[in-house]
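Understanding the architecture of this molecule
One-letter residues, chain by chain:
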Amino acid sequence: MILIFYYCCFDHRQVFELSTGLSNVIIAYSKKWRYENIISIINIVLAIPLNIFMVNRFGMIGAAYTTLILLVTMFVIRMIILYRSYNLFPFQYLPSIY
């Protein structure tokens with residue numbers, strides 16, 4: 001049962017991370033690099049109390065839920081920054097130039 005949950009959460013998380021993976025690189029090497037530091041600090045500050053709460057409530061699965069919640073939150077914040085700052089969205093259609 002735990003292996004099925006692991007497969008469902010973490011393999012899908014990696015696909016999601018790959019589809020938005022360059023967002024942190026774009027932000028880190030742009031003029032908005034401070035936002036990447038702020039996102040990381042927010043992630044760390046939220047991780048500790050959320051892990052304590054979720055592990056006490058759900059056990060080992062709570063740590064997986066916490067990781068999933070924090071990663072999705074982090075990616076959504078990055079997508080908002082990219083869209084508002086550079087009008088970029090990783091899932092938009094761009095016509096081919098060839």
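Structure: see above.
The text that follows walks through the structure, step by step, so that each part is easy to find. (Residues numbered from 1 in each chain as written. Predicted model: local features only at pLDDT ≥ 70, side-chain atom pairs only at ≥ 80, totals over all residues. Heavy atoms only, no water.)

Structural notes on the nonpolar core
Burial of nonpolar side chains together is a common tendency in soluble globular proteins. Within the largest apolar cluster, 8 residues are counted, these being Ile27, Ile39, Leu71, Met74, Phe75, Met79, Ile81 and Leu82. Broken down by element, the residue count for this core peaks at 6 residues, all from helix α4 (residues 60-86). Other than its neighbours up to four places away in sequence, isoleucine 39 contacts Met74, Ile77, Arg78 and Ile81. (Core = buried A, V, L, I, M, F, W, Y, C linked by side-chain atoms within 4.5 Å. Buried < 20%, exposed > 50% of the residue type's maximum accessible area, 1.4 Å probe, protein only. Helix = DSSP H or I, 4+ residues; strand = E, 2+ residues; numbered from the N terminus. Contact = heavy atoms within 4.5 Å.)

A few points about the side chain of serine 30
Relative to the helices and strands, serine 30 is located in the loop between α2 (23-28) and α3 (33-58). A distance of 3.0 Å separates the side chain of serine 30 from the backbone oxygen of isoleucine 27, its partner in a polar contact. (Polar contact = N/O pair within 3.5 Å; in protein donor to acceptor, adjacent residues only side chain to side chain.)

Points about α4
Here α4 spans 39 Å end to end across 27 residues, near enough to the 39 Å set by a 1.5 Å rise per residue. Looking at α4, one finds that the buried residues are Gly62, Ala64, Thr66, Leu70, Leu71, Met74, Phe75, Arg78, Met79, Ile81 and Leu82. Looking one or two residues beyond α4, the residue adopting positive phi is asparagine 87, at roughly 55 degrees. (Expected span 1.5 Å × (residues − 1).)

What about unusual backbone geometry?
Across residues other than glycine, the phi torsion is negative in most instances, and most of the peptide bonds are trans. Of note, the phi angle at asparagine 87 is positive, near 55 degrees, even though the residue is not glycine. Take asparagine 87: it is sitting in the segment after α4.

Some points on the packing of α3 against α4
For any two helices packed against each other, the geometry comes down to the angle between their axes and how far apart the axes lie. Direction vectors running N to C along α3 and α4 enclose 155 degrees, while the axes themselves pass 8 Å from each other. Comparing their axes, α4 and α3 come out roughly antiparallel. With respect to the hand of their crossing, α3 and α4 are arranged in right-handed fashion. Here Tyr35, Glu36, Ile39, Asn43, Leu46, Ala47, Leu50, Asn51, Met54, Val55 and Phe58 of α3 lie close against α4, whose contacting residues are Met60, Ile61, Gly62, Ala63, Tyr65, Thr66, Ile69, Leu70, Met74, Ile77, Arg78 and Ile81. (Axes fitted to C-alpha atoms, helices over the stretch in contact; angles between N-to-C directions. Parallel < 35°, antiparallel > 145°, perpendicular 65-115°, else oblique. Left-handed = near helix turned anticlockwise from the far one by under 90°.)

Looking at empty space enclosed by the protein
Applying the stated rule across the entire model yields 1 cavity of 30 Å³ or more. For the largest cavity, the calculated volume is near 40 Å³. Surrounding the largest cavity, Ile39, Ile42, Asn43, Leu46, Leu70, Thr73, Met74 and Ile77 form its lining. Sorting the residues of the lining of the largest cavity by element identifies α3 and α4 as the ones contributing at least two each. (1 Å grid on protein atoms, 1.4 Å probe; cavity = no way out; pocket = protein on both sides within 12 Å on 5 of 7 lines; lining within 4 Å. Points joined across faces, edges and corners; volume = space filled by probe spheres on them.)

Section: the pattern of salt bridges
Should the charged atoms of two oppositely charged side chains come close, the side chains can pair. Inspection of every chain in the model, using the stated rule, returns 1 salt bridge. The salt bridge involving arginine 78 is made with glutamate 36; its shortest N-O contact spans 2.6 Å. A residue pair is termed long-range when its members are at least 10 positions apart, and arginine 78 in helix α4 and glutamate 36 in helix α3 qualify at 42 residues. Here glutamate 36 falls in the buried class, since its relative accessible area comes to 11%. (Salt bridge = Lys/Arg side-chain N within 4 Å of Asp/Glu carboxyl O.)

Brief notes about the environment of isoleucine 77
Positionally, isoleucine 77 belongs in helix α4. Isoleucine 77 gets classed as partly exposed once you look at its relative accessible area, which sits at 31%. Once the C-alpha coordinates of isoleucine 77 and glutamate 36 are considered, the two residues, 41 residues apart in sequence, prove to be 9.8 Å apart.

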